[in-house]
Structure formats: structure tokens, C-alpha cells
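Coordinate inspection notes
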Amino acid sequence: MNQDQLKAMLGEYAAHYIDRYLTLESYVGVGTGSTANHFIDALAQVKHRFAGAVASSNASAERLKQHGIAVLELTQVDELIVYVDGADEIDPQLAMIKGGGGALTREKIVASAARQFICIADHSKSVTRLGHFPLPVEVIPMARSVVGRALAGLGGKPTYRQGFNTDNGNIILDVSELNMDSATAMETAINQIPGVVSNGLFALQGADVLLMDKDNEIQEITASQA
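Now for a quick tour of the structure. None of the values given here were measured: they were computed from a predicted structure.

**Concerning the sheet that holds strand 9 (residues 171-176)**
- One open sheet holds the 4 strands; their spatial order is 8-9-7-10, and the pairing between them is antiparallel. In this open sheet, the two edge strands, each paired with only one partner strand, are strand 8 (157-160) and strand 10 (196-199). Sheet twist, expressed as the average angle between the axes of neighbouring strands with direction ignored, equals 30 degrees.
- Two strands pair when backbone bridges link them, and strand 7 (residues 135-139) and strand 10 are joined in this way by 3 bridges, in the antiparallel orientation. Across the sheet, valine 137 pairs through a bridge with asparagine 199, a residue of strand 10.

If you want it as C-alpha cells, here you go:
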């Protein structure tokens, strides 16, 4: 089974997994990226079971609409029953690095409004320690140099993501070689740099449940088991 087939299997599994939580009045938070796209496609099969969705990116919103799923702004919804998204890396404590697709800030916001964060990831995203994948940091454009120097001061090597702007109109710096011995402390330190909008460390709020493939089957791992 190739990686795309694994992602499709995860998306299908996740759509059935969350069915236990759905009501006709409930709203679902939906992430961004290739794995999330497979979840959206599978979610269309149970769209009659919930009221609508809140998307973490314009691209996901369009895909949801193509399937006839009502898309709402987060300001229109009091609470999301679940938030489902992928990860670029996830560690044994279910902390993650996200933002390879550039939607990290909206992903964090939508995740914060959900009762439960369900991460769907193929086994290649599992790491013992975060940091192999460069950490995306969303930055206000005028602060690019200032933030870059501050990130270097934290031990990182920032690289400007050429030709890319987030849905919020900002830029991304991808930072390698950061010391992730304390991911929560690093997440906090980066967020305190003036000009940083958000960073792709999801350690302060990690996943509640991880759905990951093993030997062509899906494992369900909860934060309490991690």
C-alpha cells in the first residue's frame, strides 16, 4: 500500500471514528493538507449526520463545499465537536509540528475551539523527538528580518518560504536545527517574538487522539496512553 492509499484509509477511518460524536446540531473542524483532503472526501459520506464544518484554510473550505458540506466561519459557531487534521511530525506525547501547507495559525485557532483534536497521520510522521521537519513560523512581512534574527538567537536556522503567502496575508519562515528538548518552552519562546503570528509547534495543545496506520491497520492512541 503506497502513502496515498494509506492516507485515504486514514481519512475513511477518521470519518467513521467521529460518527460516534456527531449530532444534527454539531459542527466539525477540518484541517488542511493531503491527509485532511482524504478525510474531507470521506466526510461527504456522513454529511447528513452533522450541521456543517469550519475549515482551517480556503483550500479546505472549497473542497468541503464541492462535496455539498455547509462551511461556516468560526465566529458563527460556539463549539466544534471535533477537529481533525494531519501532522508533519508527531511524537509519543502527541505533540506535533504542523504547517507544511502554511495553515498553521488557522489550524491552531480552529483546534482550540474543538472539544477533541484527532490527528490522522501515516507512520512516516511518527518521531521519537520533534525537529527533523523544519518548524514553520508565520510572520508579519515587515518583521521578517527581526524575527529571523531572533529565531537564530534561539539556535535555529530560518529559511524564507519563497513565493508563499498564508491565507492571512503573511509569510512563512521554516526553521531547522531548533532544540526541541522542551517543545512547550520553545513554542512559548517563539510566540513571544514581536512579529510572530504563530508557530507550527502543537505542544501546549497536542492531539487528544492519534489515528495511525501499522501493518495496514489503524491504531487508536489517546493522549492518556502516550
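Here the narrative resumes.
**A few points about the packing of aromatic side chains**
- Going through the model one piece at a time under the given rule, you end up with 3 aromatic pairs.
- Ring plane angle 75 degrees and centroid distance 5.1 Å describe the contact between tyrosine 83 and phenylalanine 117, whose orientation is recorded as edge-to-face. Within this pair, whereas tyrosine 83 is found in strand 3 (residues 82-85), its partner phenylalanine 117 is found in strand 6 (residues 117-121), the two being separated by 34 residues in sequence. Pair check on accessibility: tyrosine 83 and phenylalanine 117 agree, each one buried.
- A connected cluster of aromatic rings, assembled from ring pairs, spans Tyr83, Phe117 and Phe202.
- Above the ring of tyrosine 17, the side-chain terminus of arginine 20 is found at 3.9 Å from the ring centroid.
- The ring of phenylalanine 202 has lysine 98 sitting right over it, with the charged end atom 5.6 Å from the ring centre.

**Topic: the sheet that holds strand 11 (residues 201-202)**
- With antiparallel pairing, the 3 strands of this open sheet are ordered in space as 4-5-11. Looking at strand neighbours, the two that pair on one side only are strand 4 (89-90) and strand 11, the edges of this open sheet.
- Bridge count between strand 5 (residues 96-97) and strand 11: 2 bridges; the pairing is antiparallel. Looking at strand 11, one finds that methionine 96 is bridged to phenylalanine 202.

**Overview of the pairing of strand 13 (residues 217-222)**
- As judged from the 6 bridges shared by strand 12 (residues 209-214) and strand 13, these two strands associate in the antiparallel manner. Its bridge partner lying in strand 13, aspartate 213 is registered against isoleucine 218.
- Turn length for the strand 12-strand 13 hairpin, with the two strands adjacent in sequence and antiparallel, is 2 residues, and the turn residue aspartate 215 shows positive phi of about 55 degrees.

Cut-offs and rules
- Residues numbered from 1 in each chain as written.
- Predicted model: local features only at pLDDT ≥ 70, side-chain atom pairs only at ≥ 80, totals over all residues.
- Heavy atoms only, no water.
- Pairing = 2+ DSSP bridges.
- Helix = DSSP H or I, 4+ residues; strand = E, 2+ residues; numbered from the N terminus.
- Axes fitted to C-alpha atoms, helices over the stretch in contact; angles between N-to-C directions.
- Phe/Tyr/Trp six-rings, centres within 6.5 Å; stacked < 30°, edge-to-face > 60°.
- Buried < 20%, exposed > 50% of the residue type's maximum accessible area, 1.4 Å probe, protein only.
- Lys NZ or Arg CZ within 6 Å of the ring centre and 35° of its normal.

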